[in-house]
Amino acid sequence: MDSRTLKSLEYSRIKEILRGKCYSSTGGEYVEELSPVADRNTVLKLHQETSEFREIIKYDGGAALRRFQDIIPLLARIEIEGSFVGGAEIIKIADTADISTKVYRSLRSKNEKYPAIWNHAHQLTDFRELLGEINRILTPDGEVADNASPALVKIRKQMESTRAKISDKLEKLISSKNYADHLSDRIITMRDGRYVIPVKDSSKSAIDGLIHDRSASGATIFMEPMSVLPLNNQLRELYSDEKREIERILIRLCDSIREVQEDLMIAQNILSLLDFIHARALLSEQLEGINPEITDDSIIKFTEARHPLLILDSNLTREEIIPLDFSLGEHGRAMIITGPNTGGKTVALKTVGLLVLMMQSGIQLPAKYAKLG
């Protein structure tokens, strides 16, 4: 199909609308590659997929398909043994695994009802074992849970105890009369991971401690009293211990993901394809489209066909759009369309042309009846 024809008939606008109905960028990539197909069997398969997913949307809640991200770049980052990504990235991988599991389980019992969709969906994997491990180790926002390992439980308890000791010491300091005239404010804050108190610049020599920062005005300095220095040091060591343990946990978790990496890559690709089919079904539903009768004969026949972009892009109601009856090929191979300016000649030509392209792309047609070769 030459690009001039596609441009004249505004096929790109149909693709743009279709892309907007995709849940994922990778589903949108299928739309980008979409072009009219001339092979009859392929066209029939496309329309069967669209029809089945339209029924899935109507009767089965869309088979649990929802928005998902492209996880292929994340999987590439953990391809080498010992490599890992952060908890937030693992949650993205888990989200795709969760969708794969739910879509697979939703459609497995309906494989005979939706054979064209199941032909793709059967390649998905049930990742419940992996999801159980991820959910045990990570919180929904990707933080490593306290009970992810016995060592982490111990470290975080020590951190909590150390913070409490520091807070208790500093509370006593800022509440004492000896410090009252030297503080800018009676609060405890942090600088560079260490607990400090705000001291007037004029009083810095009155307090035994280390200066970590200064306010924008210069009137306040943030000091770490020497009495809490050992505890702050201890807390910093615990932070390091925590970081090492978290990395060890994430490496172990990424090892588990790597074991099913191929299945996850297949799931990403199949979900993207299903997303593309789902978008075709959504567009067909919006157009109140019908499946055309597809024949080997050179025939174009429409009853009450409407230009799809008038339905999708204009403020006209469906009833306000004048329907078109059109027949070519049964009794003649050529037609002259004539009439006055603004009489609808161009709309009629574009309606016929665009509906033919949509038929060859697996999108149902806004007509009462359609028969196309």
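Fair warning: this is a prediction, and the values are worked out from it, not measured in the lab.

S.K.: So what's going on with helix α8 (residues 128-137)? Residues and values would help.
M.R.: When α8 is considered as a whole, its buried residues turn out to be Leu130, Leu131, Ile134 and Ile137. Relative to the axis of α8, the buried residues are bounded by an arc of 135° and lie together on one face. Seen from the buried face of α8, the exposed residues on the opposite side, beyond 90 degrees, are Glu129 and Asn135. For α8, the elements touching its buried residues are α6 (87-108) and α11 (229-259).

S.K.: Describe the layout of surface pockets, with residues and values.
M.R.: Taken as a whole, the largest pocket holds about 290 Å³ of empty space. Around the largest pocket, the lining comprises 19 residues; the ones closest to its centre are Ile322, Gly343, Gly344, Val347 and Ala348. Broken down by element, the residue count for the lining of the largest pocket peaks at four residues, all from helix α14 (residues 345-359). Here the residues of the lining of the largest pocket sort into ten nonpolar, six polar and three charged. For the second largest pocket, the calculated volume is near 160 Å³. Along its surface, the second largest pocket is lined by Thr125, Asp126, Phe127, Glu129, Leu130, Glu133, Ser256, Glu259, Val260 and Asp263. Ranked by the residues each element gives to the lining of the second largest pocket, the list is headed by α8, at three residues. Looking at the lining of the second largest pocket residue by residue, the class counts come to three nonpolar, two polar and five charged.

S.K.: How would you explain the packing of aromatic side chains if you had to name every residue and give the values?
M.R.: Each aromatic ring pair is characterised by the separation of its centres together with the angle its planes make. Summed over all chains, the structure comprises two aromatic pairs. The interplanar angle of 15° and the centroid separation of 5.9 Å between the aromatic rings of tyrosine 30 and phenylalanine 276 together place this pair among those described as stacked. Residue tyrosine 30 is located in helix α3 (residues 25-33), and its partner phenylalanine 276 is located in helix α12 (residues 261-286); the two are separated by 246 residues in the primary sequence. When its relative accessible area of 29% is taken as the criterion, tyrosine 30 is described as partly exposed.

S.K.: Tell me what's going on with the pattern of salt bridges, and back it up with residues and numbers.
M.R.: Under the definition given, this model contains 26 salt bridges. With its nearest N and O atoms 2.7 Å apart, the salt bridge here joins aspartate 95 to arginine 66. Here aspartate 95, found in helix α6, pairs with arginine 66, found in the loop between α4 (40-60) and α5 (72-77); they are 29 residues apart in sequence, far enough to count as distant. Where aspartate 241 meets arginine 244, a salt bridge forms, and the shortest distance between an N and an O atom there is 2.4 Å. With a gap of three residues between them, aspartate 241 and arginine 244 both fall in helix α11, about one helical turn apart. Note on aspartate 241: relative accessible area 27%, which makes it partly exposed. When salt bridges that share partners are traced, they join Arg66, Asp95, Asp98 and Lys102 into one network.

S.K.: Help me get a handle on the side chain of threonine 295, residues and values and all.
M.R.: Relative to the helices and strands, threonine 295 resides in the loop between β5 (293-294) and β6 (300-305). A relative accessible area of 13% places threonine 295 in the buried class. In terms of polar contacts, threonine 295 uses its side chain to reach the backbone amide nitrogen of aspartate 297, at 3.1 Å. Excluding residues within four positions of it along the chain, threonine 295 makes contact with Arg40, Lys371, Leu372 and Gly373.

S.K.: Run through α4, naming residues and quoting values.
M.R.: Along its 21 residues, α4 runs 29 Å from first to last C-alpha, staying within 8% of the 30 Å computed at 1.5 Å per residue. Buried residues of α4: Val43, Leu46, His47, Glu49, Thr50, Ser51, Glu52, Phe53, Arg54 and Ile56, and no others. One or two steps after α4, the chain reaches glycine 61, where phi turns positive at roughly 65°.

S.K.: Tell me about a nonpolar patch on the surface, residues and numbers included.
M.R.: Taken together, the side chains of Met335, Ile337 and Leu349 present a nonpolar region at the surface, about 260 Å² in accessible area. Tracing the chain through its elements places leucine 349 in helix α14.

S.K.: Now, about the nonpolar core: what can you tell me, with residues and values included?
M.R.: Judged by nonpolar contacts, the single largest core of 82 residues is most densely connected at Ile90, Leu107, Leu124, Leu274 and Phe302. Looking at this core element by element, the count peaks at eleven residues for α12. Setting aside chain neighbours within four positions, we find leucine 107 in contact with Ile56, Ala63, Tyr114, Ile117, Trp118 and Ala121. Among the nonpolar cores identified, the runner-up in size contains 18 residues, and Tyr179, Met223, Val228 and Leu238 belong to it.

S.K.: An account of the sheet that holds strand β4 (residues 220-225) is needed here, citing residue identities and associated values.
M.R.: Ordered by their spatial adjacency, four strands build an open sheet running β1-β2-β4-β3, and the pairing between neighbours is antiparallel. Among the strands making up the open sheet, the edge pair consists of β1 (189-191) and β3 (209-214). Going across the sheet, the axis of each strand differs from the next one's by a mean of 50°, ignoring polarity. Docked against the sheet, helix α9 (residues 150-175) engages β2 (194-200) and β4, running at close to 10° with respect to β2.

S.K.: An account of the packing of helix α2 (residues 11-20) against α12 is needed here, citing residue identities and associated values.
M.R.: Contact geometry for α2 and α12: axes closest at 8 Å, N-to-C directions at 110°. Our classification of the angle between α2 and α12 gives roughly perpendicular. The element α2 and its partner α12 pack so that their crossing is right-handed. Mapping the contact onto sequence places Ile14, Ile17 and Leu18 in α2 and Phe276, Ala279, Arg280 and Leu283 in α12. When grouped by side-chain class, the residues that make up the contact of α2 with α12 number six nonpolar, no polar and one charged.

Rules of the game
Residues numbered from 1 in each chain as written. Predicted model: local features only at pLDDT ≥ 70, side-chain atom pairs only at ≥ 80, totals over all residues. Heavy atoms only, no water. Buried < 20%, exposed > 50% of the residue type's maximum accessible area, 1.4 Å probe, protein only. Helix = DSSP H or I, 4+ residues; strand = E, 2+ residues; numbered from the N terminus. Arc of directions from axis to C-beta. Contact = heavy atoms within 4.5 Å. 1 Å grid on protein atoms, 1.4 Å probe; cavity = no way out; pocket = protein on both sides within 12 Å on 5 of 7 lines; lining within 4 Å. Points joined across faces, edges and corners; volume = space filled by probe spheres on them. Nonpolar A, V, L, I, M, F, W, Y, C, P; charged D, E, K, R; others polar. Phe/Tyr/Trp six-rings, centres within 6.5 Å; stacked < 30°, edge-to-face > 60°. Salt bridge = Lys/Arg side-chain N within 4 Å of Asp/Glu carboxyl O. Polar contact = N/O pair within 3.5 Å; in protein donor to acceptor, adjacent residues only side chain to side chain. Expected span 1.5 Å × (residues − 1). Patch = residues over 30% accessible without salt bridge, like charges linked within 9 Å, V, L, I, M, F, W, Y side chains within 5 Å. Areas by Shrake-Rupley, 256 points an atom, 1.4 Å probe, with all protein chains shown as cover. Core = buried A, V, L, I, M, F, W, Y, C linked by side-chain atoms within 4.5 Å. Pairing = 2+ DSSP bridges. Axes fitted to C-alpha atoms, helices over the stretch in contact; angles between N-to-C directions. Parallel < 35°, antiparallel > 145°, perpendicular 65-115°, else oblique. Left-handed = near helix turned anticlockwise from the far one by under 90°.

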